[in-house]
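Given next are the chains, with one letter for each unit.
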Amino acid sequence: MLIKLIDVNKSFKDYKVLKNINLSINKGETLAIIGASGSGKSTLLKLMIGLERPSSGQVWIKNEDIAKLNEEELDKVRLNMGMVFQYSALFDSMTVADNVAFGLREHSSLTEAEIGHIVEEKLNTVGLKDFANYMPNELSGGMKKRVSLARAIAFEPEIILYDEPTSGLDPVMAGKIDKLIKYTQEKMHVTSVVVTHDMDSAYYIADRIAMIYEGEIIALEDAHAIKTSSDKRVQEFINGGRII
Amino acid sequence: MFILEAVGSFVLRILETWGGFIILLFQTLKQCKRIPRMRYVLQQMAHLGVDTLPIVMLTMLFTGMVVTLQTVTEFIKFGAQSTIGGVVTIAVGRELGPVLVGVVAAGRVGAAITAELSTMKVTEQIDALEVMATNPIRYLVVPRLIACMVMLPLLVVFGDVIGSFGGWVIANYYDVSSFMYMQSINSFVVIHDFTGGLIKAVVFGSIIAIIGCYYGLNAGNGAEGVGKAATKSVVDAIMAIFFFNCFLSLLLYR
Ligand SMILES: Nc1ncnc2c1ncn2[C@@H]1O[C@H](COP(=O)(O)OP(=O)(O)OP(=O)(O)O)[C@@H](O)[C@H]1O
Ligand SMILES: [Mg+2]
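Residues numbered from 1 in each chain as written. Chains lettered and ligands numbered in written order. Predicted model: local features only at pLDDT ≥ 70, side-chain atom pairs only at ≥ 80, totals over all residues. Heavy atoms only, no water.

Per an unreviewed UniProt entry, chain B goes by Phospholipid/cholesterol/gamma-HCH transport system permease protein and derives from Pectinatus cerevisiiphilus. For chain B, the Subcellular location (unreviewed entry) comment in UniProt is given as "Membrane". Under the Sequence similarities (unreviewed entry) heading, UniProt states for chain B: "Belongs to the MlaE permease family." (UniProt positions renumbered as here; feature names shortened; annotations may be inferred.)

The name given to chain A in an unreviewed UniProt entry is Phospholipid/cholesterol/gamma-HCH transport system ATP-binding protein, with the source organism recorded as Pectinatus cerevisiiphilus.

This is the structure:
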């Protein structure tokens, strides 16, 4: 068990965003999280990497309850984690290449030449090798997303959290990103949590799919079981409200 | 009752923000135990210095000129033209230099720091730093604090010289000879008039950096949050500069 959430609740002021979340994710597993806008998916990811602290409950990453750690201890845990933000969150004062190199420069003892090599390779993987010297504000939304992805995988973390990695991409690029996520799982045994609205992508990449509905996990099953779920809320979501 | 309530909430608000500044200051000092990256510090210093030097020069030139303009005729009336250089230089070195440079820097540098950090905050770049196991205080606040603490005294040095020069221009116009002006500086001004001002500048530099960073890191959401944060940062920094200036003058020049 690499990630384990026990009885997690999260409220902002009086508003309960997540209610009694229990969730275990195995090493090497890819979990997709689906759910309507505002149901708490991004908040759930932020809890897993300590950007938000739970109002109550425990968040275990490997063998530490990160809800109890201070910032310094948390940073050690985060060295094994990467995150792709919903709105990319690129450092806009740095070039694309510097963005991707950031974690390596801060935390590794690699030489500039080695870092440059990794950066080139990762940018190549996301199809942006010609854009290394661009500034983030010179890129389209989808390109930013891919830089953000390259930045998250540059450090080759054990756990990667993706917040809607394929939204805003064209179908071909979205397909490539899906393949990339699957590739990191198969070749590098990365554990991934992927928030997505794209059901085809969820079916393709995920070992299990969790559906959040109004802050609660109402289904946690493999793709087949989700497709054939008898829960009306699940059926409505995966069919986009069109009853088939 | 209404007045008491208003006073109470006003005081509470002040205490809350000042508590915030002080906590940030200590968190920043704590992060200094790991040697900060010189590259980031130098970047900030270049940024702050280059941005602010022209305005500082202009401000101090005109200030030196106008102070002399207002005093020189009175001094001549009392036959005290031989003291004018010293008086202007002391006024500039002790008070006008550090305070005006501080105020200009609060408007220029403090606002820029707040705008930059609050934009980073609302676009989740600060979160991205944290996710990459990089403490935002160590990465963002420490270099800015050091840069401000070093650059403000430097700017004050330039400002003092230009201010005194502005005084000389006007004094010359009123037939106070250059020799007399220099002579009076030599006989009246002691080194402490100058170093005291530099000590003030170091304090003002840290005030600008800490308040600027505080409002940046705690900005509300959206473009509105960025704008509000920048305004508050400038106002609070200027207020703090005047307050600490009074306090420091008592301490340094009593
Ligand atoms: N920092 C915050 N302060 C207050 N409320 C918040 C905060 N962050 C999130 N919320 C609230 O929590 C709820 C869930 O937000 P979250 O971003 O997790 O949704 P989401 O499932 O990711 O939605 P989307 O698919 O649109 O990205 C929303 O109602 C939002 O208003
Ligand atoms: Mg979201």
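Having seen the structure, we can now continue with the description.
Novice: Would you take a moment to explain the overall build of chain B for this structure?
Specialist: When its secondary structure is counted, chain B shows eight helices and zero strands. For chain B, the α and β elements follow one another from N to C terminus as α-α-α-α-α-α-α-α. C-alpha extents for chain B along the principal axes are approximately 65 × 55 × 30 Å. Considering chain B as a whole, with its 254 residues, one finds that 48% of them fall into the buried category. Here the contacts in chain B between residues at least 6 apart in sequence split such that 87% fall between residues at least 24 apart. Carbon together with sulfur atoms contributes 73% to the accessible area of chain B, which is approximately 12,600 Å² in total. (Helix = DSSP H or I, 4+ residues; strand = E, 2+ residues; numbered from the N terminus. Buried < 20%, exposed > 50% of the residue type's maximum accessible area, 1.4 Å probe, protein only. Contact = heavy atoms within 4.5 Å. Areas by Shrake-Rupley, 256 points an atom, 1.4 Å probe, with all protein chains shown as cover.)

Novice: Even after reading the chapter, I still don't get the coordination of the magnesium ion (ligand 2), so can you show me in this structure?
Specialist: Tetrahedral coordination by four donors puts the ideal angle at the metal at 109.5 degrees, and octahedral coordination by six puts it at 90 or 180 degrees. All names here are of chain A. With distances of 1.9 to 2.2 Å, the protein atoms coordinating the magnesium ion (ligand 2) are Ser-42 (OG) and Gln-86 (OE1). With Ser-42 in helix α1 (residues 41-48) and Gln-86 in the loop between β6 (81-84) and α3 (96-107), the pair connects residues that are 44 residues apart, well separated along the chain. Each member of the pair, Ser-42 as well as Gln-86, carries the same accessibility label: buried. (Donors = N, O, S within 2.8 Å, 3.2 Å for Na, K, Ca; no water.)

Novice: For this particular structure, what's the right way to read the environment of Thr-123 of chain B?
Specialist: Residue and element names in this part refer to chain B. Tracing the sequence through the fold places Thr-123 in the loop between α3 (84-122) and α4 (125-131). Measuring from C-alpha to C-alpha, the distance between Thr-123 and Asn-221 comes to 9.0 Å, with 98 residues separating the pair along the chain. In terms of polar contacts, Thr-123 uses its side chain to reach the backbone carbonyl oxygen of Thr-119, at 2.7 Å. One polar contact links Thr-123 to Gln-125, side chain to side chain, over a distance of 2.9 Å. (Polar contact = N/O pair within 3.5 Å; in protein donor to acceptor, adjacent residues only side chain to side chain.)

Novice: Sorry if this is basic, but what is going on with the side chain of Thr-52 of chain B here?
Specialist: Mapped onto the elements, Thr-52 of chain B comes out in helix α2 (residues 38-77). Here Thr-52 of chain B is in contact with Val-104, Ala-105, Arg-108, Val-109 and Leu-155 of chain B, once residues within four sequence places are set aside.

Novice: Where do I start with unusual backbone geometry in this structure?
Specialist: Keep in mind that most residues, glycine aside, have a negative phi and that most peptide bonds are trans. Residue and element names in this part refer to chain A. Even without being a glycine, His-189 presents a positive backbone phi close to 55°. As for its position among the elements, His-189 is in the loop between α6 (171-188) and β8 (191-195). A positive phi angle, close to 50°, is found at Glu-214, a residue other than glycine. Within the secondary structure layout, Glu-214 lies in the loop between β9 (208-213) and β10 (216-221).

Novice: Would you mind showing me how to read the packing of aromatic side chains here?
Specialist: The geometry of an aromatic ring pair comes down to the distance between the two centres and the angle between the two planes. Counted by the stated rule, this structure contains 13 aromatic pairs over all chains. Look at Tyr-214 of chain B and Tyr-215 of chain B: their rings are 5.4 Å apart centre to centre, the planes differ by 80°, and that puts the pair in the edge-to-face class. Ring geometry for Phe-243 of chain B versus Phe-244 of chain B: centroids 5.4 Å apart, planes at 85°, classification edge-to-face. Take Phe-243 of chain B: its relative accessible area is 55%, and that puts it in the exposed class. Accessibility expressed as a relative area gives 23% for Phe-244 of chain B, which makes it partly exposed. Taken together through their ring pairs, the aromatic side chains of Trp-18, Phe-21, Tyr-214, Tyr-215, Phe-243, Phe-244 and Phe-247 of chain B make up a single cluster. One cation-aromatic arrangement involves Lys-182 of chain A over Tyr-204 of chain A; the distance from NZ or CZ to the ring centre is 5.3 Å. Over the aromatic face of Tyr-203 of chain A sits the side chain of Lys-227 of chain A, whose NZ or CZ is 4.5 Å from the ring centroid. (Phe/Tyr/Trp six-rings, centres within 6.5 Å; stacked < 30°, edge-to-face > 60°. Lys NZ or Arg CZ within 6 Å of the ring centre and 35° of its normal.)

Novice: Sorry, what's going on with the UniProt feature "transmembrane region" (unreviewed entry) in chain B here?
Specialist: Per the UniProt annotation, the sites labelled "transmembrane region" (unreviewed entry) are residues 6-27, 48-69, 141-174, 194-217 and 237-253 of chain B. In the segment residues 194-217 of chain B, helix accounts for 100% and strand for 0%; the C-alpha atoms at its two ends are 35 Å apart.

Novice: Is there a simple way to explain the nonpolar core in this structure?
Specialist: A general tendency of soluble globular proteins is for nonpolar side chains to be buried together. Formed by 103 residues in total, the largest nonpolar core has its most connected members in Ile-3, Leu-5, Leu-44, Met-48, Leu-161 and Val-193 of chain A. Looking at which element gives the most residues to this core, the answer is α3 of chain B, with 14 residues. Not counting residues up to four positions away in its chain, the partners in contact with Ile-3 of chain A are Leu-23, Ser-24, Ile-25, Met-48, Trp-60, Ile-61, Ile-159 and Val-193 of chain A. (Core = buried A, V, L, I, M, F, W, Y, C linked by side-chain atoms within 4.5 Å.)

Novice: Explain the sheet that holds strand β1 (residues 3-12) of chain A to me, please; I cannot follow it from the model alone.
Specialist: Pairing between sheet strands relies on hydrogen bonds along the backbone, with the strands arranged either parallel or antiparallel. All names here are of chain A. The strand order β2-β1-β4-β5 describes an open sheet built from four strands, whose pairing is antiparallel. Sheet topology places β2 (15-25) and β5 (64-65) at the edges, where each strand pairs with a single neighbour. In terms of strand pairing, β1 meets strand β4 (residues 56-61) through five bridges, oriented antiparallel. Across the sheet, the residue bridging to Leu-5 is Val-59, located in β4. α1 contacts β1, β2 and β4 of the sheet and is inclined by roughly 60° relative to β2. (Pairing = 2+ DSSP bridges. Axes fitted to C-alpha atoms, helices over the stretch in contact; angles between N-to-C directions.)

Novice: Explanation requested: the site of ligand 1 in the structure shown.
Specialist: Residues and elements named next belong to chain A. Ligand 1 sits among 14 residues. The nearest are Ser-37, Lys-41, Ser-42, Thr-43 and Gln-86. Between ligand 1 and the protein, one listed contact pairs an oxygen atom with a backbone N or O atom of Ser-39 at 3.3 Å. Protein chains bury 63% of the 640 Å² of accessible surface belonging to ligand 1 in isolation. Contributing elements (two or more residues each) for the shell around ligand 1: β2 and α1. For the shell around ligand 1, the element with the most residues is α1, which contributes three residues. (Near = heavy atom within 4 Å.)

Novice: Even after reading the chapter, I still don't get the confidence of the model for chain B, so can you show me in this structure?
Specialist: Reading fine detail from the predicted coordinates is not recommended where pLDDT is low. Put simply, chain B has an average pLDDT of 93, and 100% of its residues get 70 or more. The ipTM assigned to the predicted complex is 0.91, against a pTM of 0.90. (pLDDT = per-residue confidence, 0-100.)

Novice: Looking at this model, I keep getting lost on the pattern of salt bridges. Mind explaining?
Specialist: Charged atoms that come close allow side chains of opposite charge to pair. Counting across every chain of the model gives 22 salt bridges over all chains. The residue Glu-158 of chain A makes a salt bridge to Lys-62 of chain A at a minimum N-O spacing of 2.8 Å. Linking Glu-158 of chain A in the loop between α5 (141-154) and β7 (159-163) with Lys-62 of chain A in the loop between β4 and β5, this pair joins segments that are 96 residues apart in sequence. A salt bridge links Arg-105 of chain A to Glu-112 of chain A; the nearest nitrogen and oxygen atoms lie 2.8 Å apart. On the basis of relative accessibility, which here comes to 25%, the residue Arg-105 of chain A falls in the partly exposed class. Three or more residues are tied together by salt bridges with common partners; here these are Arg-53, Glu-71, Asp-75 and Arg-78 of chain A together with Glu-130 of chain B. (Salt bridge = Lys/Arg side-chain N within 4 Å of Asp/Glu carboxyl O.)

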